[in-house]
Amino acid sequence: MSKSKLKQSRSRTKALLIDSEVSSEKLQDDITCKGCFKQFAHNRVPKILNCLHNMCSECINMSIELNNDKNKVLCPTCKNHSVGKDSETFRTHSYVQMLSDIAHCYQEQLNGSLRCIGCSNVAGLRCLTCNENYCQEHTDFHVRSRATSHHKVLSFKQILNAPLLVSTIKREEHCPSHKKKMVEFFCFTCKLPICTVCALSNHKNCVYEELSIAVSALKEKFDNLKPAFNRKAYNLKKMTATLDTGVKQIEGDFGHSMANVGDITDRIMRQLRQRESALNLQIEDHRKDSQGELRIHQSLVEDKIANLESGVDFVDTVFEYWSPLEVLTVENDIVRRLTELSAEPEEFGCEDVKPKAFDLPPDLETNVVGAISCLENNWMAKKE
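Residues numbered from 1 in each chain as written. Predicted model: local features only at pLDDT ≥ 70, side-chain atom pairs only at ≥ 80, totals over all residues. Heavy atoms only, no water.

Caption draft 1: Fine view of empty space enclosed by the protein. Inspection of every chain in the model, using the stated rule, returns 2 cavities of 30 Å³ or more. A volume near 30 Å³ is recorded for the second largest cavity. Looking at the second largest cavity, the residues that line it are Phe-222, Leu-225, Lys-226, Phe-229, Val-312, Val-315 and Leu-338. Contributions of two or more residues to the lining of the second largest cavity are made by helix H9 (211-266) and helix H10 (273-321). When grouped by side-chain class, the residues that make up the lining of the second largest cavity number 6 nonpolar, no polar and 1 charged. (1 Å grid on protein atoms, 1.4 Å probe; cavity = no way out; pocket = protein on both sides within 12 Å on 5 of 7 lines; lining within 4 Å. Points joined across faces, edges and corners; volume = space filled by probe spheres on them. Helix = DSSP H or I, 4+ residues; strand = E, 2+ residues; numbered from the N terminus. Nonpolar A, V, L, I, M, F, W, Y, C, P; charged D, E, K, R; others polar.)

Structure below.
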């Protein structure tokens, strides 16, 4: 598909999802799969690849099916491969899935097809604690009820305009084994959320920790990784500046060389104009080759910067928007990925990318004068 058609397809998809009142570039980017440019949905669940980028479940399965090397998924953002036999291998990005679901519900509200859980009226509000949709009448009852008076109910538009509100609301997370008990601990041995009953029975011999303490320790671990990560990003940005300066220097140097060629060729006879054209072509080819090489390096460096920054953005998003349980389930993936990114060796240094100036032949003018004399002698000989 061409770039123009791809952009048109993306624009049409966005126009169907959210109106201008709640539309923002970041929100559209968050809820759109970079593989098919469609909004995440129930059949296109957002999954977290090994590189920490998102991709919908449909695109993951299609990528595995089309890939000659099975069990590998090509990330459309950074072009790295993730290993997995299908989309279920990868964890669901719950925060992105929630935003996509809210956007879909908002569109259904505008169309009048979203129903309240308690009646047949159109729902326009979402309880972020119990994750249900309500009309205004049942919302009033919900917030007046003693059992649910502490719940946070917002309109879909409020959530989409300020998704940070979701991260400030404490969600009720119950133990998988004891549905009536709240999750209080995380078992590092079994990699499971547990309650007090679990800790004193089935997991009494396991290594577990309170959720808040475990998350604080994990955040401290990530904070220790950030300095090396930031240094890597700084060095790559410095490399980009050097490459950009080199490209501009090449343009100036070769412009000056072209002017010199013109000055020299202006002093010779018309029969030697072809020599000027040949030199210009050589200079132009050299300029294109030199700038092309630097731009390739520059593109590689910019890709690395994008990968590094996307890794940091993902970690920041995890701590801002995810619940403690969700944060702990991706600990190993995040630590491994950030360590890989910060440890990648730099392929070349700033000194390796200095442009090489095009040197004119030192005896050019002498050769031209000799050629002119030869032409004159030949012309005189023919004349005689």
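Caption draft 2: Main features of the sheet that holds strand S2 (residues 54-56). Here we have 3 strands laid out as an open sheet, ordered S2-S1-S5, and antiparallel in their pairing. Each edge of the open sheet carries a strand with a single partner, namely S2 and strand S5 (91-92). Those strands touched by helix H3 (residues 57-66) are strand S1 (46-48) and S2, and its axis lies near 85° from that of S2. (Pairing = 2+ DSSP bridges. Contact = heavy atoms within 4.5 Å. Axes fitted to C-alpha atoms, helices over the stretch in contact; angles between N-to-C directions.)

Caption draft 3: Molecular detail of the packing of aromatic side chains. Counting across every chain of the model gives 4 aromatic pairs. Ring centres of Phe-185 and Tyr-208 lie 5.4 Å apart, and the angle between their planes is 75°; this geometry places the pair in the edge-to-face category. Of the two residues, Phe-185 sits in strand S9 (residues 185-187) while Tyr-208 sits in strand S11 (residues 208-210), which places them 23 residues apart along the sequence. Tyr-208 sits in the partly exposed class, given a relative accessible area of 28%. With a centroid separation of 5.8 Å and an interplanar angle of 80°, the aromatic rings of Phe-314 and Trp-322 are classed as edge-to-face. Neither Phe-314 nor Trp-322 differs from the other in exposure class; each is buried. Sitting above the plane of the Phe-319 ring, Lys-219 keeps its charged end 5.9 Å from the centroid. (Phe/Tyr/Trp six-rings, centres within 6.5 Å; stacked < 30°, edge-to-face > 60°. Buried < 20%, exposed > 50% of the residue type's maximum accessible area, 1.4 Å probe, protein only. Lys NZ or Arg CZ within 6 Å of the ring centre and 35° of its normal.)

Caption draft 4: Focus on the nonpolar core. Ranked by size, the top nonpolar core spans 71 residues in total, and within it Leu-49, Trp-322 and Ile-334 carry the most contacts. Considering every element that reaches this core, the biggest residue donor is H9, with 13 residues. If sequence neighbours within four positions are ignored, Ile-334 has contacts with Leu-52, Phe-222, Phe-314, Val-315 and Val-318. Cys-175, Cys-187, Ile-194 and Cys-198 belong to the second largest nonpolar core, which has 8 residues in total. (Core = buried A, V, L, I, M, F, W, Y, C linked by side-chain atoms within 4.5 Å.)

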